[in-house]
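# Structural overview for review
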Amino acid sequence: MLAHVTNEVNIDKDNSDLGRSSAEIAIPPEMLPADGRFGSGPSKVRPEAVDSLRDVAGKYLGTSHRRDGVRSVVSRLRSGMADLFGLPAGYEVVLGNGGATCFWDVATFSLIERHSQHLSFGEFSSKFASAVAAAPHLDDPEVIKSEPGTHPAPVGRPGVDVYALTHNETSTGVSMEIRRPQGADGLVIVDATSAAGGLAIKMSEVDVYFFSPQKCFASDGGLWVALMSPRALDRVDVIKASRRWMPPTLDLSVAISNSRQDQTYNTPALATLWLLVDQLEWMLANGGLDWAASRCATSAGFIYSWAEASSYATPFVADRFQRSNVVATIDIDESIDAIAVAKILRSNGIVDTEPYRKLGRNQLRVAMFPAIDPEDAKALCACVDYVVDAL
Ligand SMILES: *Cc1c(COP(=O)(O)O)cnc(C)c1O
């Protein structure tokens, strides 16, 4: 898949700021990863999944989502998720349209009773907290912050009815172990968008584990999936019974009743569902979440050990226990322009290694999701060395 971009002179308008133009630095083809997609979302979709979609396209795409052809795929999604995450009795798999960003609003209407606590340690976790803070029907949330590149700890408190955690902060490459805070009786709800399917999780520690499918599940965006505990399902009923106004698209009780019938409230993207189920069943066939997490850990091992040994690269996250196995952020010495490196990689078919814009650091950010072959992660390190040498 790299062939068509390799060696082509690209429309790099600001090439002039590089010592040598990116078009001049051609990484030897034998060094290149087999697949050059390292973006943190949308992320690499396995070609086999696209092939399987093509195979069923004539009978599946363009058919009713209220009929068995599509509902059977939603049913596989729901039972497959229950298997992959070893859901305890009474937990349910719920889905709807709009992605994780939309689920923040769903939580604002249907899960938070009055007062929530948020850990804020990067772009995504801070946006969730801001969405809640703006809601007129809720008390001001408690927001516990820490510096980018670290994560804070939740604090169990009376009166907090939801603890909003983020399993992996995609903007900074920090992951945290998910545990119920001591002495907490509020719900633990976790934005697991880039973590779900790539990091270990004990679901008994969580009441709502929600994510979008374009990261570890190697599909396309636009959908949210939420794994919900019986306590969380009860909370939705209690809030609904209080007659709080909520738009139907953000009313979790509506999504729950549709999901129980293997449907969504409004029309879902059928291709997204198919690719998601293909990836889910691929993970299950290979050994489930343990297998997927260890594959990500292998990629992470290659990338962090390369950076630690490098004279110009350093893992941004100093504490090894907070370093993510699904998204690596690698600081680059100030003498080398990381954006220029990413641009040259791009002109060689290795895409989306640019840093998260708002973090504003001289770094590369690399996804290590289960679909990404650890050998490709290793090849990427060698390619970065090659480019830096050549600059
Ligand atoms: C990508 C991401 C989101 C946003 O997902 P959308 O599908 O674009 O809404 C939210 N939270 C985290 C942690 C993410 O990585």
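Every chain is numbered independently, its residues counted from 1 as its sequence is written. Given that this is a predicted model, residues contribute local features only at a pLDDT of at least 70 and side-chain atom pairs are listed and counted only at 80 or more, while totals for whole chains, interfaces and linings are drawn from all residues. The basis for every side-chain value is the complete set of non-hydrogen atoms in the structure, without hydrogens or water.

### Regarding the domain arrangement of the protein
Accessible area lost during the coming together of the parts is what is often quoted as the interface size. Heads up, the rule is: Boundaries of every domain are those given by an automatic assignment or by a domain database. Note on definitions: a residue-residue contact is assigned when non-hydrogen atoms from the two residues lie within 4.5 Å. The term buried area means the drop in 1.4 Å probe accessible area that two parts suffer when joined, counted for both and summed.
By the assigned domains, the protein splits into domain 1 (21–46 + 288–390) and domain 2 (48–285). Taken over C-alpha atoms, the centre of domain 1 sits 27 Å from the centre of domain 2. Opposite the 31 residues of domain 1 that make contact, domain 2 presents 35 residues. At the boundary of domain 1 with domain 2, total buried surface from both sides reaches about 2,700 Å², with 59% on carbon and sulfur atoms. Of all residues in domain 1, the largest losses of buried area upon contact with domain 2 belong to Arg-46, Leu-289 and Gln-322, amounting jointly to 31% of the total for that side.

### Points about the sheet that holds strand β1 (residues 92–97)
Quick reminder of the rule: Note on pairing: two strands pair once DSSP finds at least 2 bridges between them. Strands are runs of DSSP state E lasting at least two residues, helices are runs of H or I lasting at least four, and both sets are numbered from the N terminus onward. Only the contacting stretch of a helix is used when fitting its axis, a line to C-alpha atoms as for every element, and angles between N-to-C directions run 0 to 180 degrees.
Read across the open sheet, the seven strands follow the order β1-β9-β8-β7-β4-β2-β3; overall the sheet is mixed. Each end of this open sheet is capped by a strand with a single partner; those strands are β1 and β3 (142–145). Put simply, the sheet's adjacent strands are angled 20° from each other on average, direction ignored. Sheet topology note: the β1/strand β9 (residues 223–228) ladder contains six bridges and is antiparallel. What sits directly across from Asn-97, in β9, is Leu-223. Packing of helix α4 (residues 123–133) onto the sheet brings it into contact with β2 (116–120), β3, β4 (162–166), β7 (187–191) and β8 (208–211), and relative to β2 it is tilted by some 150°. Set on the sheet, helix α5 (residues 230–241) makes contact with β1, β4, β7, β8 and β9; between it and β9 the angle comes to about 110°.

### Focus: unusual backbone geometry
This is how the line gets drawn: The cut-offs for exposure are 20% and 50% of the maximum accessible area for each residue type, with area from a 1.4 Å probe on protein chains only; residues under the lower value are buried, those over the upper are exposed, and the others partly exposed.
With an omega of -5°, the peptide bond running from Gly-41 to Pro-42 counts as cis. Within the secondary structure, Pro-42 sits in the segment before α1 (47–60). Phi is positive for Asp-352, close to 65°, though the residue is something other than glycine. Relative to the assigned elements, Asp-352 resides in the loop between α9 (338–347) and β12 (363–367). Take Asp-352: its relative accessible area is 35%, and that puts it in the partly exposed class.

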